[in-house]
Amino acid sequence: MSTQPMTRQAEESVRTVSLPVGISGHDLKEVTREIPIDEPPPLAPNEELAVIGKPIPRHDARAKVTGAARFTVDVALPGMLYGRILRSPLPHARVRAIDVSAATGHRDVRAVVEVARPDDASASILRYVGAPVAAVAAVSMAAAEEAAKLIRVDYEPLPFVVDLNEARAPDAPRVFDAASAPAGSPSGYPAPAGLALQGNVRGPAVVRRGEVSSGFAQADVLVEEEYSTQVQTHCCLEPHAIVADWRADGLTVYMSTQYTAGLRHELAEAFGLPLSRVRVIVEAMGGGFGSKSTLGNYGRVAVRLSQQAHAPVRVALDRSEEQTDAGNRPATWQRIRLGARRDGSLTAISLSSYGTAGVALGAGVWSTAESMYTCPNFEGAQHDVFTNAGPGCAMRAPGAVPGAWGLEQAVDELAERLAIDPLALRDRIDPSPVRREERRIGAERIGWSGRHAPGAEGGPIKRGIGVAQSLWYSNVQINASCEVRVLRDGSVEVRSGVQDIGTGTGTVLAQVVAEVLGLAPSSINLRIGDTEYPAGPPSYGSRATASITPPARTAAWRVLQALYREAAPLLEASPAELVASAGRIAVRSDSTRSIAFADAAARLRTDFLSAVASRADDYDGFRRRMGDAAIARQDLGGVQFAQVAVDTETGIVRVERVVAVQDCGRPINPRQIESQVQGGVLMGMSFALLEDRVLDRRSGRMLNANLEQYKLAGSCDIPQIDVIVLESYRGTSATDAYGIAEPSNIATAPAIGNAVYNALGVRIRSLPMTPAAMLAALGKVPKGPAES
Ligand code: MOS
């Protein structure tokens with residue numbers, strides 16, 4: 001046995017390689033990095049690849065359009081029961097007593113659970129209309145519905161407040177006392193634990209850099225304005241649903257979830273089970289947007305019902321439950337001050353915000369104002385305000401969407417005050433070379449040079465063009481693993497717990513593995529969305545592709561090395577001389593010496609070869625690491641241009657065109673990315689013009705808890721959307737791929753706001769821009785109570 005000096009071993013654990021970095025077609029160059037020896041070699045730019053970067057159709061397209069795809073509500077287990085939740089009709093009440101005897105006695109009922117508990121000081125309080133009170137499981141939906149109505153509840157009504165501004169008043173009814181208030185917010189929000197609660201106002205969470213007072217003193221020009229945004233609900237096409245199957249040997253949960261691995265932990269903890277006895281499965285999903293990140297109160301109820309009934313139980317929320325108790329994007333108000341010198345350079349930014357996530361925390365406007373532009377002096381003070389409304393939760397670029405609505409209009413206002421073109425101003429204050437290129441490309445596409453002065457058009461219908469941009473973090477989940485198997489008949493399986501939320505995660509996995517093995521992506525069998533496979537990353541924080549494609553490529557590469565070792569003797573070559581492409585394994589220097597991939601697999605000594613890989617650190621490290629999650633060094637950009645036509649007689653704003661220029665590192669599937677960006681733009685447009693959760697101040701009820709009066713953009717509202725995706729290489733991982741979901745949703749509303757200003761010469765700072773709000777802003781009708 002020979003021993004080698006330690007230094008030699010350390011040297012051999014990495015190798016030096018060169019990777020492409022920069023923007024394809026613009027400034028692509030090579031960078032040298034050291035990468036671990038057990039990681040695959042660098043990937044060439046997309047144009048040199050066979051499958052990665054190609055706009056192939058998603059693997060489940062046919063199943064989705066023919067109805068063959070199995071969503072959670074399609075799961076029907078033998079003996080399955082139907083759960084129904086009784087919900088609070090009052091926005092604030094103490095439950096004095098619950099009588100479930102009539103429900104329990106119903107002949108079709110198999111289980112009843114009480115969620116509110118009259119004997120418990122905190123669990124007896126209901127704080128919003130729609131809060132769960134009790135639940136039943138019965139043999140049919142109709143019976144469950146009927147039985148839920150038999151539950152008698154004695155409510156003591158308590159004073160309540162549902163409006164953000166009213167809730168801020170010192171004498172407003174209290175939603176929580178200090179002991180009962182939630183302690184912290186979802187990670188990353190500007191509402192850390194330990195902030196003071198005064199009345200209903202929690203915070204501020206303060207962030208400081210430099211000294212804003214001296215910064216403002218140096219400014220030649222100031223902008224100080226207030227912006228506000230409304231509550232938007234997630235409106236997933238597929239409602240929240242779970243089938244819980246509690247058995248003596250463990251718990252299996254079928255759930256429309258953004259995070260199978262996280263849900264498994266949550267369930268194990270909540271029900272005192274070992275992880276090995278909890279299994280989570282999700283096949284097809286119709287969106288989540290942040291609202292399906294956790295177990296949720298309905299999920300907990302379903303498991304309890306199943307445990308009690310000794311039978312599987314399905315709970316699926318209806319649209320009213322979706323709208324009132326499945327999460328929402330918090331309403332916000334913010335005041336932004338910008339100070340700048342004549343040349344546009346920023347001297348100070350201050351931000352003060354108040355937002356409400358109802359009974360939850362996390363209503364900040366994020367850190368866009370702190371981070372997007374170069375400015376030595378910043379001060380942010382963000383507050384959460386409790387109201388008697390259903391809990392908000394993360395929603396597609398949480399905080400950044402309202403944050404950009406304020407900041408990006410304020411920058412537009414600053415440009416006008418400085419008499420500098422808004423793009424030229426951003427070229428001066430935005431340090432991102434990626435966004436600079438995105439501005440250049442987008443300006444050309446939208447025809448920015450032909451833009452007129454604000455309100456310069458005559459006639460009742462006025463057109464305008466506006467621009468806004470985004471900053472989002474490149475999130476990565478370290479705890480993200482993938483197994484690749486090559487079977488003896490030459491077929492290939494990809495196995496990971498990662499779920500496909502509907503964006504095409506399965507398809508990008510197939511592409512990455514197919515590229516390595518030299519096979520067609522359609523031949524790769526996907527085994528995903530099940531915790532029986534290695535733990536996958538969450539489909540939130542725009543991190544699924546960034547987290548799971550590098551281990552997928554690494555696992556495929558390792559399996560291929562093993563297959564090369566089997567094939568090498570047959571080809572009278574060494575494993576290092578072999579390449580896999582077009583379904584064959586060949587000697588690199590002599591392609592006449594080759595063997596079909598399947599023939600090589602047929603020689604395996606065992607039924608399959610397998611390799612498992614997990615997400616390695618980025619080659620250049622991470623900017624920040626928090627437990628299982630990390631943030632890559634380089635941020636995501638994105639610049640969007642909107643063209644609008646405002647009918648000044650009806651107040652209707654029509655978005656005619658959006659040009660969205662986005663980046664996500666290396667694009668894996670341009671067709672799916674385009675689809676994602678279109679979705680982000682539509683969601684942003686719908687938020688800007690239409691969507692609004694209306695709570696009745698007198699009853700606390702949501703007046704439009706459906707999809708009819710809660711207006712979403714429909715097919716007739718859809719503008720022409722030009723999506724341009726940069727190939728932005730970073731040379732940081734086995735695939736160099738990052739996210740697109742959230743960044744595509746941030747810039748749309750402020751781009752529309754800036755376009756409306758360009759059309760009219762009138763600034764709208766409060767969303768949504770409904771016809772009534774537009775006519776009020778144009779001075780054509782008196783302002784309503786909401787605007788006064
Ligand atoms: Mo998203 S709000 O990270 O699902």
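Described in the following lines is the structure provided in the data block. Worth saying up front: this structure is predicted, and the values here are computed from it rather than measured. (Residues numbered from 1 in each chain as written. Predicted model: local features only at pLDDT ≥ 70, side-chain atom pairs only at ≥ 80, totals over all residues. Heavy atoms only, no water.)

1. Quick word on the overall build of the protein
Check the secondary structure of the protein and you find 19 helices and 33 strands. Structurally, the protein occupies a C-alpha span of about 85 × 75 × 55 Å along its principal axes. Relative to its full complement of 788 residues, the protein shows a buried share of 59%. Surface summary for the protein: the accessible area is close to 30700 Å², and the carbon and sulfur share equals 50%. Taken together, the 82 basic and 87 acidic charged side chains of the protein have centroids lying 1 Å from each other. (Helix = DSSP H or I, 4+ residues; strand = E, 2+ residues; numbered from the N terminus. Buried < 20%, exposed > 50% of the residue type's maximum accessible area, 1.4 Å probe, protein only. Areas by Shrake-Rupley, 256 points an atom, 1.4 Å probe, with all protein chains shown as cover. Lys, Arg positive; Asp, Glu negative; His and termini not counted. Charge placed at Lys NZ, Arg CZ, Asp CG, Glu CD.)

2. Let's talk about the pairing of strand β18 (residues 378–385)
Among the eight residues in β18, seven count as buried, and that is most of the element. In this structure, strand β10 (residues 201–209) lies alongside β18, joined through seven bridges in antiparallel fashion. Across the sheet, the residue bridging to V207 is G380, located in β18. Judged from the seven bridges that link them, strand β17 (residues 346–356) and β18 form a sheet pairing that is parallel. (Pairing = 2+ DSSP bridges.)

3. What about the environment of Q499?
Its place among the elements puts Q499 in the loop between β22 (492–496) and α14 (505–517). Taking the C-alpha atoms as reference, Q499 lies 7.6 Å from P538; in sequence the two are 39 residues apart. With sequence-adjacent residues up to four places away left out, Q499 is seen in contact with T257, Q258, Y259, T260, V282, T505, G529, P537, P538 and S539. Of the polar contacts made by the side chain of Q499, one reaches the backbone nitrogen of T260; its length is 2.9 Å. (Contact = heavy atoms within 4.5 Å. Polar contact = N/O pair within 3.5 Å; in protein donor to acceptor, adjacent residues only side chain to side chain.)

4. So, the sheet that holds strand β29 (residues 629–632)
Here three strands make up an open sheet; going across it, the order is β20-β29-β28 and the pairing antiparallel. The sheet terminates laterally at β20 (475–477) and β28 (622–626), the two strands that pair on one side only. Each strand axis lies, on average, 25° off the axis of its neighbour in the sheet, ignoring direction. The pairing of β28 with β29 spans four bridges and is antiparallel. Bridge pairing links R624 to I631 in β29. (Axes fitted to C-alpha atoms, helices over the stretch in contact; angles between N-to-C directions.)

5. Topic: the environment of V303
Within the fold, V303 resides in helix α8 (residues 296–309). The spatial distance from the C-alpha of V303 to the C-alpha of A443 is 53 Å, given a sequence separation of 140 residues. Residues in contact with V303, not counting those within four places in the same chain, are I242, A244, W246, L251, V253, L267 and F271.

6. Some points on the sheet that holds strand β30 (residues 639–647)
With mixed pairing, four strands are arranged side by side in an open sheet as β19-β30-β31-β32. One side of each edge strand has no neighbouring strand; the edge strands of this open sheet are β19 (461–469) and β32 (720–726). The average undirected angle you get between the axes of adjacent strands in this sheet is 10°. Of the pairings in the sheet, the one linking strand β31 (residues 653–663) to β32 comprises seven bridges and is parallel in character. Residue A660 lies in a different strand from β32, and its bridge partner there is V723. Contacts between helix α13 (residues 433–446) and the sheet are confined to β19, β30, β31 and β32, with β31 contributing the most and set at about 140° to the helix. Across the sheet, helix α18 (residues 748–760) touches β19, β30 and β31, and the angle it forms with β19 is around 140°.

7. Here's the deal with the packing of helix α17 (residues 670–689) against α18
Relative orientation of the contacting elements α17 and α18 amounts to 55°, with a least axis distance of 8 Å. By the angle between their axes, α17 is oblique relative to α18. Like other packed secondary-structure pairs, α17 and α18 cross with a definite hand, here right-handed. Contacts between α17 and α18 pair G680, V681, G684, M685, F687, A688 and L689 from the former with T748, A749 and I752 from the latter. Among the residues making up the contact of α17 with α18, the classes are represented as seven nonpolar, three polar and no charged. (Parallel < 35°, antiparallel > 145°, perpendicular 65-115°, else oblique. Left-handed = near helix turned anticlockwise from the far one by under 90°. Nonpolar A, V, L, I, M, F, W, Y, C, P; charged D, E, K, R; others polar.)

8. So, the packing of helix α12 (residues 422–429) against α13
One way to put it is that α12 packs onto α13 with a least axis distance of 10 Å and a crossing angle of 165°. Relative to α13, the element α12 is oriented roughly antiparallel. In the packing of α12 onto α13, the handedness of the crossing is left-handed. Of α13, the residues touching α12 (which contributes L423, R426 and D427) are R436, R439 and A443. Residue composition of the contact of α12 with α13, grouped by class: two nonpolar, no polar and four charged.

9. Topic: the environment of L49
Relative to the helices and strands, L49 is located in the loop between β2 (29–36) and α2 (61–66). Through-space distance from the C-alpha of L49 to that of G518 is 10 Å; in sequence the pair is 469 residues apart. Sequence-distant contacts of L49, that is, excluding residues within four places in its chain, are made with L43, A44, K54, E515 and R666.

10. Quick look at unusual backbone geometry
The omega torsion across G203 and P204 is 10°, close enough to zero to call that bond cis. Looking at the secondary structure, you find P204 in strand β10. Residues L767 and P768 are joined by a peptide bond in cis, for which omega reads 0°. Within the element layout of this structure, P768 appears in the loop between α18 and α19 (771–777). In this structure, A397 is a non-glycine residue whose phi angle is positive, near 60°. Within the element layout of this structure, A397 appears in the loop between β18 and α11 (400–418). You will see that A419, though not glycine, has its phi angle at about 55°, which is positive. Checked against the element boundaries, A419 lands in the loop between α11 and α12.

11. Examining the nonpolar core
For soluble globular proteins, nonpolar side chains are generally found buried alongside one another. The biggest cluster of nonpolar side chains holds 74 residues, and the ones touching the most others in it are L338, L414, V644, I752, V756 and M769. Top element by residues in this core is α11. It accounts for 10 residues. Counting 50 residues, the second-largest nonpolar core is a separate cluster that includes A480, I524, A556 and Y564. (Core = buried A, V, L, I, M, F, W, Y, C linked by side-chain atoms within 4.5 Å.)

12. As for α8
Between the first and last C-alpha of α8 there are 20 Å, a value that for 14 residues agrees with the 20 Å anticipated at 1.5 Å per step. Within α8, the full set of buried residues consists of Y298, G299, V301, A302, V303, L305, S306 and A309. (Expected span 1.5 Å × (residues − 1).)

13. So, the packing of aromatic side chains
A full pass over the atoms with the stated rule returns eight aromatic pairs. On the basis of an interplanar angle of 70° and a centroid distance of 6.0 Å, the ring pair of W246 and F271 is categorised as edge-to-face. Pair noted here: W246 is in strand β12 (residues 241–247) and F271 is in helix α7 (residues 260–271), with a separation of 25 residues, a long-range link. For F271, a relative accessible area of 17% puts it in the buried group. One aromatic cluster is present, formed by W366, W472 and Y473 through successive ring pairs. Positioned over the ring face of F687 is R329, at 5.6 Å from the centre of the ring. (Phe/Tyr/Trp six-rings, centres within 6.5 Å; stacked < 30°, edge-to-face > 60°. Lys NZ or Arg CZ within 6 Å of the ring centre and 35° of its normal.)

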